[in-house]
Structure formats: structure tokens, C-alpha cells
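Given next are the chains, with one letter for each unit.
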Amino acid sequence: MDYGAFYRDVVAWIGQVNEAAMKFGMSNAEFWRWVADSSSEICKKYQDNRLAIKQMIMLVEWLEEVYERQKKTG
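Reference entry: report on the structure contained in this document.

1. Some details on the environment of Met22
Structurally, Met22 is set in helix H1 (residues 3-24). Each C-alpha atom of the pair Met22 and Val66 lies 14 Å from the other, and the pair is 44 residues apart in sequence.

What follows is the structure, given as C-alpha cells:
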């Protein structure tokens, strides 16, 4: 696996997450659908390499934590 390319894709994905959050809002189901679909695409691009899967799971969990904190602080 080309780790440099993978992490460049991860950095680009994080930027796209920010754009999607602004476009849809984190409370919108369309945002979470986009997160699931796009993170799955990255995993598939890297042949479901274990590192890619774990990295994307961690990032999705991080987004969930951000969303939960936002809900609490309103």
C-alpha cells in the first residue's frame, strides 16, 4: 500500500468532511450517509487494507464524538 497516497487521501477527505458538514449540517442524515459512503470508498480504493479500515473507523468515531459534543453544548 502506498501510505503517502493513503494519508494524502485522508487529509483531503477531512477537508471534504468540513465542506459536507457546512453544506448539510452534522445533524442531517445526508451528512452521515456521505460520511459512510466516502469512507467506504477510501477503504475500497486501498483494497480494504486493515490500516485503511481502522483509520477510517477512527475518523468516523471522531466525527460522532464531535457531533455528540455539539449537541450537548447546543
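After presenting the structure, the write-up continues.
2. Regarding a nonpolar patch on the surface
There is a patch of nonpolar side chains on the surface, built from Met1, Tyr3, Tyr7 and Leu51 and spanning about 360 Å² of accessible area. As for its placement among the helices and strands, Tyr3 is situated in helix H1.

3. Focus on the pattern of salt bridges
Counted under the stated rule, the structure contains 3 salt bridges. Put simply, Lys45 and Asp9 hold a salt bridge, and the shortest N to O gap is 2.8 Å. Within this pair, whereas Lys45 is found in helix H2 (residues 29-45), its partner Asp9 is found in helix H1, the two being separated by 36 residues in sequence. A salt bridge links Glu68 to Lys71; its shortest N-O distance comes to 3.5 Å. With Glu68 and Lys71 both in helix H3 (residues 50-73), this residue pair falls 3 residues apart, about one helical turn.

Here is what the cut-offs are and how they apply
Residues numbered from 1 in each chain as written. Predicted model: local features only at pLDDT ≥ 70, side-chain atom pairs only at ≥ 80, totals over all residues. Heavy atoms only, no water. Helix = DSSP H or I, 4+ residues; strand = E, 2+ residues; numbered from the N terminus. Patch = residues over 30% accessible without salt bridge, like charges linked within 9 Å, V, L, I, M, F, W, Y side chains within 5 Å. Areas by Shrake-Rupley, 256 points an atom, 1.4 Å probe, with all protein chains shown as cover. Salt bridge = Lys/Arg side-chain N within 4 Å of Asp/Glu carboxyl O.

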